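# Architecture and fold: a report
Each chain, letter by letter, is given below.
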Amino acid sequence: MSDLRRIAIAGSTGSIGTQALEVIATAPQQFEVVGLGSGSSVEKLAEQARQWRPRVVAIADASLAAKLEASVPPGTEVRAGPGALASMAEMADVVLNGVVGFAGLDVTVAALMAGRRLALANKESLVAGAPVVQAARATSGAELIPVDSEHCAIHQCLGRSASESARLILTASGGPFRGRRLEQLRAVTVAEALAHPTWKMGPKITVDSSTLMNKGLEVIEAHELFGHSYDKIDVVVHPQSIVHSMVEFSDGATLAQLSNPDMRLPIGYALGYPARMQSSYGALGWAGSFSLDFEPPDLETFRCLALAYAAGRAGHSAPACLNAANEIAVGAFLDGRLSWGGIADVVADVLEHHVPTRLSSVQDVLAADAEARSYARLAVDRRERAA
Ligand code: MG
C-alpha cells in the first residue's frame, strides 16, 4: 500500500459510511477518499462529493445518475447502476463495505478479487455468500479486516497467536428486550425494537439486535472469518457493551478487547491496520466505578440465535436462506406487516422448507437468495392474512 491510503466507501451515506468519513477527517495525512458510493441517497452523496472531492461517485439506482451528475463538482466521474459501487474497488487500496444487507455481496467479491483490503461492515455478504467469498479471499493481495465490533475485537485478541486459540466468545448486548419472555414480546412496536440500549446503528441491524439475529449472523461470520467450528463459538450476553468479544486460548487464558461502544474505533482499526489511529474513540474512564455483567442468552425467547447456529451447521445455501428470510421478515416488521415474534416464525418456516444446495458461483448465491426471499414473502403474506 502507498503511504497515502486510497479509500473507497460503498454505502458512504449510511451509518458506517458517515462515521468512516469522520474517522478519515482526523487523519488527512494517512487517507485519501477516492470513491464514494450509495444505493439511492443522491442528495447526501452529492453533498459528500462536494466536501471530499473523490475521483468517482457511484450510485446503484441508475435513474438517479443525471441528478447526481448535475450536483457533483466538475471533473467528478459519476458511475451508476448495478455494479457501480463494486467498480470502485479497482482504484482503491482499501474498500470499506458499509452497504446494508445482501446487496453488499458484489462489493465484497469485487474488493477481494481485485486483491484489495476489504474492511467489512457488511456481514450479510460473508454469511450468505461464504463459499464464493472464501474463494475470492484467496486472491493475491486480498485481505479481509472485519469492522463488525465483535470480530474486530477477536482480530485484535488473536494477534499472531491464532493457531493457539481454542474458543471464541462473542458478546451480545442483549438488545432492548433482554430479560423479557416471548409472550411479553409478541406485540412490541417498531419504535421499541429500534431503541437500542447501547449502540447507535441503522434500522435493519438494530432490529436484528433486538431478535439476536444479529448475533446469529455474527456467529456464522466468526466461523467464516476465523475458521472455528460452531462448537467453539459461544455467545454471552453482556449488557454494558464494553467487552466487545473474547478469545480463550489453549492454556485457558482469555483475552478481551474493551472500549466504550463506538463504531469509529473498529472502522479506524480496519482502515489503518496494522497502525493504530491517533484519535481515541471509546476510551474507558477508569476514575469512576462500573461493573461488567455476563449471562447466558435466552435461546427460547430469542429463537433467531438458535436458527442461525442451525443454518450455520447445515452450511452450503442454508446461511444464505437464513439471511434472505430475515431481510424480508425485518422489512415486513418495519413496514408494520409482521409482528416482532413473526420474524423468527418466518425465518424458521423458510429454513424448514429449504434444502441446502452447494454454492459455487455468485449466480448460485443470488439464486438461493432469490428463492428464499420469495418463499419468505409468501410466509409473511400468510401471517398477515391470518392476523
Ligand atoms: Mg456486531
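Attention in this report is confined to the structure presented alongside it.

Conventions adopted
- Residues numbered from 1 in each chain as written.
- Predicted model: local features only at pLDDT ≥ 70, side-chain atom pairs only at ≥ 80, totals over all residues.
- Heavy atoms only, no water.
- Donors = N, O, S within 2.8 Å, 3.2 Å for Na, K, Ca; no water.
- Helix = DSSP H or I, 4+ residues; strand = E, 2+ residues; numbered from the N terminus.
- Buried < 20%, exposed > 50% of the residue type's maximum accessible area, 1.4 Å probe, protein only.
- Core = buried A, V, L, I, M, F, W, Y, C linked by side-chain atoms within 4.5 Å.
- Axes fitted to C-alpha atoms, helices over the stretch in contact; angles between N-to-C directions.
- Left-handed = near helix turned anticlockwise from the far one by under 90°.
- Contact = heavy atoms within 4.5 Å.
- Pairing = 2+ DSSP bridges.
- Right-handed = clockwise from strand over helix to strand, strands pointing away.

### Concerning the coordination of the magnesium ion
The magnesium ion binds to the protein through Asp148 (OD), Glu150 (OE) and Glu218 (OE); the donor distances cover 2.0 to 2.2 Å. Donor residues binding the magnesium ion come from one chain and are separated in sequence as D-x1-E-x67-E. Pair noted here: Glu150 is in helix 7 (residues 149-158) and Glu218 is in helix 11 (residues 213-226), with a separation of 68 residues, a long-range link. We note that Glu150, like Glu218, is buried.

### Some points on the nonpolar core
Grouped together as the largest cluster of nonpolar side chains are 90 residues, with contacts concentrated most on Val219, Leu322, Trp340, Ile343, Val346 and Val350. Looking at this core, the element that brings in the most residues is helix 14 (residues 318-334), giving 11 residues. Residues Ile7, Ile9, Ile59 and Val72 belong to the second largest nonpolar core, which totals 36 residues.

### Here we look at unusual backbone geometry
Looking along the chain, the bond that leaves Tyr273 and enters Pro274 is cis, with omega of 5 degrees. In the Ramachandran plot, Ser241 falls in the positive-phi region, its phi being about 50 degrees despite a non-glycine side chain. Of note in this structure, His316 is not a glycine but carries a positive phi near 50 degrees.

### As for the packing of helix 7 against helix 11
The contact between helix 7 and helix 11 brings their axes to 10 Å, and the two run at 35 degrees. In this structure, helix 7 crosses over helix 11, and the sense of that crossing is right-handed. Residues Glu150, His151, Ile154, His155 and Leu158 of helix 7 pack against Lys215, Glu218, Glu221, Ala222, Leu225 and Phe226 of helix 11.

### Topic: the pairing of strand 1 (residues 5-10)
Counted residue by residue, strand 1 has five buried out of six residues, so it is predominantly covered. Looking at chain direction, strand 1 and strand 2 (residues 31-38) are connected through six bridges and run parallel. Across the sheet, Ala8 pairs through a bridge with Gly35, a residue of strand 2. After leaving strand 1, the chain enters helix 1 (residues 15-25) and then returns to the sheet as strand 2, a path that is right-handed. In this structure, strand 1 lies alongside strand 5 (residues 94-97), joined through four bridges in parallel fashion. Its bridge partner lying in strand 5, Ala10 is registered against Asn97.

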